[in-house]
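A closer look at the structure
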Amino acid sequence: MKHPVAFPSLRRSAAVLALTLFTGCGDSEEPGTDDNGSLYAITTQLLVEDPVQSYVVVTNQAEQTASLSLDNAIKVSGRALGVGIPKSGSLYVVSDESPVVTRYKLNGAGGLDAAGTVSFAPQGVTSLGEYQANFQFVSETKAYFFDGATAQVVIWNPTAMTVTGTLPLKALEIPDTVLAFSGAVVHVGSQIIMPVGWRPVSGVGITKKAGVVSLDTATDTATIATDERCGYTHDAALGLDGKVYIATEAYGAAVFRVVPDSPEPCLLKFDPQTRAFDATFYRSLPALVGGGTAGALIPGAPGTAYVRVLDESIAPVTEGTHPRTMASGTGWQWWELKLDTLTATRKADFPSTSGSVFLFESENQTLYTEFGAGAASTTFRVLGESGKPTVSTQGLSFSFVQLR
């Protein structure tokens, strides 16, 4: 997860905003019982609650304007994710407060029934938070969990609900830093390309180091590549040349804006064939968009991606502004980058939104997240159609799975 700051004052303002946004909404819904209709599981984290609680909601309205009700949702302690194989009828729910994966199966009434658990505690795992992409499903009987806290990949069977192996990644450990795997992976053949970033254990900043784990799902072998030219390269997109372009995410760009001597946000190139960074390729993200606070690389149409640029007329940066607040706050423009020519164009028809963005696939659309001020809400928007808004919910939603 992007770890938005949750100071007490922020929690209070978020609670007020949430009540204002959702009290009296008349278009909330319950999942239908049409067996042929699409159903989705959206998991949302209410940071305004103390202690933090999450809710798993089943809805059939992911592609239309609606406000989700949490009345009949599954309540989970802590910051939860719902992960799984799309359209499989199964959802695996995890939390940052537990090493246990709980499986749910879709029932005939359009709800979810608990159907088994597996614990990763024997592998030294204590928390299953972070991003939905940390869980990668190869088949109904094989999946991976990338754990930054223990620098390993846990291999498990989602059908048998058993752990089948581990892949240590100790070469990724750096003293006094936090290792974080990406929320945006790329698949090339049998490879899972997982970007890696680091930040200091204390203070505000990022570590000047980029990394990629290339996991071969056919052989369960992992290759690690690193680069010392920039940091927090958590975003990735596949180019038409078969190379993976990897960039500093919005948080890293925000750190560069407010913390002296921070690494410049950059664009690097990774070759899935050699499983190494291209030492001859480096681009400054701010330079690609004509200057300003620039970060992120969000996949678009084939051969393109979007870079985010902060509009400080919408989101002023003042002394004491925290990079987390900047990254998850509003005011980030969309710029379309052609990966072959490296030319960027402002997409003025897209509304400026929060810098932290996740992409999810619904039946007919690609959706991206827009987080409301104060961590109060999430609105899903269409990637295209001028960012048309669809479903919204209280809290922050970091995971979205089509159940059928």
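Everything below is about the structure printed above this text.
Structure report, in brief. (Residues numbered from 1 in each chain as written. Predicted model: local features only at pLDDT ≥ 70, side-chain atom pairs only at ≥ 80, totals over all residues. Heavy atoms only, no water.)

Re the sheet that holds strand 25 (residues 332–338)
What counts is decided by this rule: Strands are treated as partners if at least two bridges between them are detected by DSSP. Helix numbers and strand numbers start at the N terminus; a helix is a DSSP run of H or I with at least 4 residues, a strand a run of E with at least 2. To obtain each axis, a line is fitted to C-alpha atoms, and for helices this fit is confined to the stretch in contact; angles are then taken between N-to-C directions over 0 to 180 degrees.
Spatially, 4 strands are ordered 23-24-25-26 in an open sheet, and the strand pairing comes out antiparallel. Among the strands making up the open sheet, the edge pair consists of strand 23 (294–299) and strand 26 (343–346). Neighbour-to-neighbour, the strand axes of the sheet open up by a mean angle of 30 degrees, direction not taken into account. Inspection of the sheet shows strand 24 (residues 304–310) paired to strand 25 by 7 bridges, in the antiparallel sense. Paired with T304 across the bridge in strand 25 is K338.

So, the packing of aromatic side chains
So the rule is basically this: Geometry of aromatic contacts follows a simple scheme: Phe, Tyr and Trp rings, the Trp one being its six-membered ring, pair when their centres are within 6.5 Å, and the pair is stacked under 30 degrees between planes, edge-to-face over 60, tilted otherwise. For the exposure calls, accessible area comes from a 1.4 Å probe over protein chains only, and a residue counts as buried if that area is under 20% of its type's maximum, exposed if over 50%, partly exposed in between.
Counted under the stated rule, the structure contains 24 aromatic pairs. For the ring pair Y92 and W156, a centre distance of 5.5 Å and an interplane angle of 80 degrees mean the geometry is edge-to-face. In this pair, Y92 is assigned in strand 6 (residues 90–95) and W156 in strand 11 (residues 152–157), connecting sequence segments 64 residues apart. Each member of the pair, Y92 as well as W156, is classed as buried. An aromatic cluster of three or more residues is present, and its members are Y92, F120, F135, F137, F145 and W156.

Thoughts on the sheet that holds strand 11
Within a sheet, each strand pairs with its neighbour through backbone hydrogen bonds, oriented either parallel or antiparallel. Taken in spatial order, the 4 strands line up as 9-10-11-12 in an open sheet, and their pairing is antiparallel. Each edge of the open sheet carries a strand with a single partner, namely strand 9 (135–139) and strand 12 (162–168). Going from strand to strand, the sheet's axes swing by 20 degrees on average, the running direction of each strand aside. Pairing of strand 10 (residues 142–147) with strand 11 involves 5 bridges; the strand directions are antiparallel. Note on strand 11: the bridge partner recorded for Y144 is I155.

Here's the deal with the state of the cysteines
Defined as follows: Any pair of cysteine sulfurs within 2.5 Å is marked as a disulfide.
Summed over the entire model, instances satisfying the criterion amount to 1 disulfide. Residue C230 pairs covalently with C266 via a disulfide, S to S 1.7 Å. Of this pair, C230 sits in the loop between strand 17 (221–227) and strand 18 (235–238) while C266 sits in strand 20 (residues 266–271), and the two are 36 residues apart along the sequence. Taking the relative accessible area as the measure of exposure, C230 reaches 0% and is therefore buried. Of the residues examined, C266 reaches a relative accessible area of 0% and is grouped as buried.

A word on the layout of surface pockets
Over the atoms rolls a probe the size of a water molecule, and in doing so it shows where empty space is left. Selection criterion: Points on a 1 Å grid over protein atoms alone make up a cavity when a 1.4 Å probe fits among them but cannot get out, and a pocket when they form an open set with protein on both sides within 12 Å along at least five of seven lines; lining residues each have an atom within 4 Å of a point. Grid points are joined across faces, edges and corners, and a volume is the space filled by probe spheres set on the points. Each residue gets one of three labels, nonpolar for Ala, Val, Leu, Ile, Met, Phe, Trp, Tyr, Cys and Pro, charged for Asp, Glu, Lys and Arg, and polar for the others, Gly among them.
Taken as a whole, the largest pocket spans an internal volume of roughly 1200 Å³. The wall of the largest pocket is formed by 46 residues, among which A133, G183, A184, V185 and L359 lie closest to the centre. Partitioning the lining of the largest pocket into residue classes produces 28 nonpolar, 14 polar and 4 charged.

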